[in-house]
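Descriptive structure summary
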Amino acid sequence: MTELEQDLPSAQRDRREKLERLQAAGVEPYAAHFHRTHTAAEALSLLGPEPEAEGGPVTVAGRLMVKRVTGGMAFARLRDGSGDIQLVAQRDVLGEPQYEAFLELDPGDLIGAVGRLRRTRRGEPSVWLESFQLLSKSLRPLPEKWHGLRDVETRYRQRYVDLVANPEVRNVFVTRSRIISAIRSLLDSNEFLEVETPVLQEVPGGGHARPFVTQYNVLHRDFYLRIALELYLKRLVVGGLERVYEIGRVFRNEGLDRTHNPEFTMLEAYQAFADYQDIMTLTEDIFRVAAEAAGGSLEVTYQGEKIDLRPPYRRARMADLVREATGQELAGKELADCYEEKVEPGIRQPTFVIDYPVEVSPLARRRSDDPRFVERFELVIVGREHANAFTELTDPIDQRRRFETQVAEREAGFEEAHPFDEDYLRALEYGLPPTGGLGVGLDRLVMLLTDQPSIRDVLLFPQLKEEG
RNA sequence: GCCCGCGUAGCUCAAUUGGCAGAGCAGGGGACUCUUAAUCCCAAGGUUCUCGGUUCGAUUCCGGGCGCGGGCACCA
């Protein structure tokens, strides 16, 4: 034993000693391959409902979770990607050496096993072992079998342990995957083309946020990690890809809290010959298929609050909401600021907030009947922005003026003003068809549909500081 | 960046109004051939996050630091 091993906690030291004993006995503790015939769930489905039913033989493989030994007979729970199944080992069947080897196994070990299916006297469907094989020796003890892993810092830093120890955490991420898959299917079946655009950008446009900066050595230039997908996707619509979408990571160099992580996943979709009214319908469809994928019901509970996701969603003008809440008649940035502070947190049920001031919407088309406002909406649920959409600004002359206004704001000290993008203007000058665009923060959508209070609970590896 | 709270065994948690830090689980030894958080017996396991201060004595009180959580600011 090395000095390092002597310093280990006893549970880890004992496992390393076991490993050495196994190797000394000629056992390979890390198998190259193992072919199973059935998952745990498939094996269980082979067994009929009657108490005396039998099935198999089956070859299963997974992680040993808990072991109970009663003399010449031992029980263990095996967990694989499909679920759990009990293993039964008997000295009389396996023979002394194999049985002793089974008793040496630790919770956490990955094993493969062959046996027939039958229930125990207590009715537990089980694989009655004829043989088994160690596939990967686990050198660290699993968290407590009853309470699981609670410490949130360890859960986030060592998500692999969290996923093993806490099945409900696994379910959140399975649901996340199903939600995103369902959204893809919806868009694909509506003739949207999934595309990929640059993550490293020279002009970080499409939103208002502080970007992360990096250096491209060969070009001797600073590049930025994208803060949005918007401008590249609209370039593609100029090019004739009339319906495009991208699901991708964006990066914002800002604070961390329950609803913000510096990298997060955004869906953006652009549809030529559509306006923001059409995009409201698309948004309702996206939220409907997402909720169906997450559990079926459009009436969900978020942190104890009933939320009704059945379309159509309420439409409300921002200026009306502010007047109702405060009695004030505001316009421009003041209106948007007041709305965000006083009104938005109180909007609980799905609401399309419409008619944003042009000052806070440099990429959106003005309303024809009132050019102080744009054809834009945000979808607000439980007081949070879940989607942002507008009829796109297609007029290159107006767009140039808007960029110039933004540059002036930047020079006045507003760091998050939209940067000037000459190439984007060149694209608009070739002609962008009338287009509606949508952005959805998928992490917040997953939070809503899986009832998770923090964005960290829907990100596999949330941002944390350096381990202390 | 600011304010508040928390940090004890591999895991889940106790306790110390400043005086030898203690359980369960996991791990070790033993009994047990139908267990389900198996049960029973025995032994082991600690830099009480870290650095300093006060004190005869600090895990406890005070201060700095680190990390995590919550709130604020930022996220138009």
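Residues numbered from 1 in each chain as written. Chains lettered and ligands numbered in written order. Predicted model: local features only at pLDDT ≥ 70, side-chain atom pairs only at ≥ 80, totals over all residues. Heavy atoms only, no water.

1. Structural notes on the domain arrangement of chain A
- When the domains of chain A are assigned, the result is domain 1 (3–142) and domain 2 (161–457).
- Here domain 1 and domain 2 have C-alpha centroids that lie 49 Å from each other. (Domains from an automatic or database assignment.)

2. Remarks on helix α15 (residues 442–450)
- The element α15 is extensively covered by neighbouring structure, given that 9 of its 9 residues are classed as buried.
- Among all positions in α15, only Leu442, Asp443, Arg444, Leu445, Val446, Met447, Leu448, Leu449 and Thr450 are buried.
- Where α15 terminates, the next one or two residues include aspartate 451, which has phi positive at roughly 60°. (Buried < 20%, exposed > 50% of the residue type's maximum accessible area, 1.4 Å probe, protein only. Helix = DSSP H or I, 4+ residues; strand = E, 2+ residues; numbered from the N terminus.)

3. Section: the protein's contact with RNA strand B
- In the vicinity of RNA strand B there are 55 residues, among which Asp92, Arg122, Lys145, His208 and His260 approach most closely.
- Within the backbone of glycine 255, one N or O atom sits 3.4 Å away from a base oxygen of RNA strand B.
- Mapped onto the surface near RNA strand B, the elements with two or more residues apiece are α2 (10–24), β1 (54–69), β2 (73–80), β3 (83–90), α6 (152–157) and α12 (332–343).
- The residue inventory of the surface near RNA strand B, partitioned by class, reads 17 nonpolar, 13 polar and 25 charged. (Near = heavy atom within 4 Å. Polar contact = N/O pair within 3.5 Å; in protein donor to acceptor, adjacent residues only side chain to side chain. Nonpolar A, V, L, I, M, F, W, Y, C, P; charged D, E, K, R; others polar.)

4. Quick word on the side chain of glutamine 406
- Mapped onto the elements of the fold, glutamine 406 is located in helix α13 (residues 396–411).
- For glutamine 406, the side chain forms a polar contact with the main-chain nitrogen of histidine 418, separated by 2.8 Å.
- In contact with glutamine 406, other than residues within four places in its own chain, are His208, Glu359, Pro362, Ala417 and His418. (Contact = heavy atoms within 4.5 Å.)

5. Details of the sheet that holds strand β5 (residues 125–136)
- Taking strand neighbours around the barrel as the criterion, the 5 strands line up as β1-β2-β3-β5-β4 in a closed arrangement whose pairing is mixed. Between one strand axis and the next, the sheet turns through 55° on average, direction left out of account.
- Both strand β4 (residues 110–119) and β5 contribute to a ladder of 10 bridges, which runs antiparallel. Pairing of arginine 116 across the sheet is with tryptophan 128, part of β5. (Pairing = 2+ DSSP bridges. Axes fitted to C-alpha atoms, helices over the stretch in contact; angles between N-to-C directions.)

6. Looking at the sheet that holds strand β9 (residues 221–225)
- Spatially, the 3 strands line up as an open sheet ordered β7-β9-β8, and their pairing is antiparallel. Strands at the two margins of the open sheet, each flanked by one partner only, are β7 (200–201) and β8 (213–216).

7. A few points about the nonpolar core
- One finds Ile183, Leu267 and Leu309 to be the most contacted residues of the largest nonpolar core, which totals 45 residues.
- Apart from residues no more than four positions distant in its own chain, leucine 267 is found in contact with Ile183, Leu187, Tyr245, Glu246, Ile247, Ile286, Leu438, Gly439, Val440 and Leu442. (Core = buried A, V, L, I, M, F, W, Y, C linked by side-chain atoms within 4.5 Å.)

8. Comments concerning unusual backbone geometry
- Look at the link from proline 311 to proline 312: it is a cis peptide, with omega at 0°.
- Phi angles above zero are rare outside glycine, and aspartate 451 is one such case at about 60°.
- With respect to the secondary-structure elements, aspartate 451 resides in the segment after α15.

9. Looking at the pairing of strand β15 (residues 351–357)
- Most of β15 sits inside the fold, with 7 of its 7 residues counted as buried.
- Note: strand β14 (residues 314–317) against β15, 4 bridges, orientation parallel. Bridge pairing links arginine 317 to isoleucine 354 in β15.
- With 6 bridges joining them, β15 and strand β16 (residues 373–381) adopt antiparallel strand pairing. Within β16, the residue paired with tyrosine 356 across the bridge is valine 374.

10. Points about the layout of surface pockets
- Of the pockets and cavities examined, the second largest pocket occupies roughly 450 Å³.
- Together, 26 residues line the second largest pocket, and Gly148, Leu149, Ala165, Asn166 and Pro167 are the ones closest to its centre.
- Mapped onto the lining of the second largest pocket, the elements with two or more residues apiece are β1, β2, α7 (159–165) and α8 (167–189).
- When residues of the lining of the second largest pocket are assigned to domains, at least three map to each of domain 1 (3–142) and domain 2 (161–457). (1 Å grid on protein atoms, 1.4 Å probe; cavity = no way out; pocket = protein on both sides within 12 Å on 5 of 7 lines; lining within 4 Å. Points joined across faces, edges and corners; volume = space filled by probe spheres on them.)

11. Remarks on the side chain of glutamate 409
- By the secondary structure assignment, glutamate 409 is in helix α13.
- A relative accessible area of 18% places glutamate 409 in the buried class.
- Setting aside chain neighbours within four positions, we find glutamate 409 in contact with Lys333, Phe414 and Ala417.

12. Thoughts on the pattern of salt bridges
- Evaluated as defined, the whole model comprises 46 salt bridges.
- Salt-bridge contacts for aspartate 398 lead to arginine 402; the nearest nitrogen and oxygen are separated by 3.3 Å. With aspartate 398 and arginine 402 both in helix α13 and 4 residues apart, the pair spans about one turn of that helix.
- By relative accessible area, which is 6% here, aspartate 398 ends up buried.
- A salt bridge links arginine 400 to glutamate 429, with the nearest nitrogen and oxygen atoms 3.4 Å apart. Of the two residues, arginine 400 is situated in helix α13 and glutamate 429 in helix α14 (residues 422–430); the sequence distance between them amounts to 29 residues.
- Under the relative-accessibility criterion, arginine 400 is labelled partly exposed at 26%.
- Here the salt bridges share partners, and the residues they tie into one network are Arg317, Asp320, Arg323, Glu329, Asp355, Arg367 and Asp369. (Salt bridge = Lys/Arg side-chain N within 4 Å of Asp/Glu carboxyl O.)

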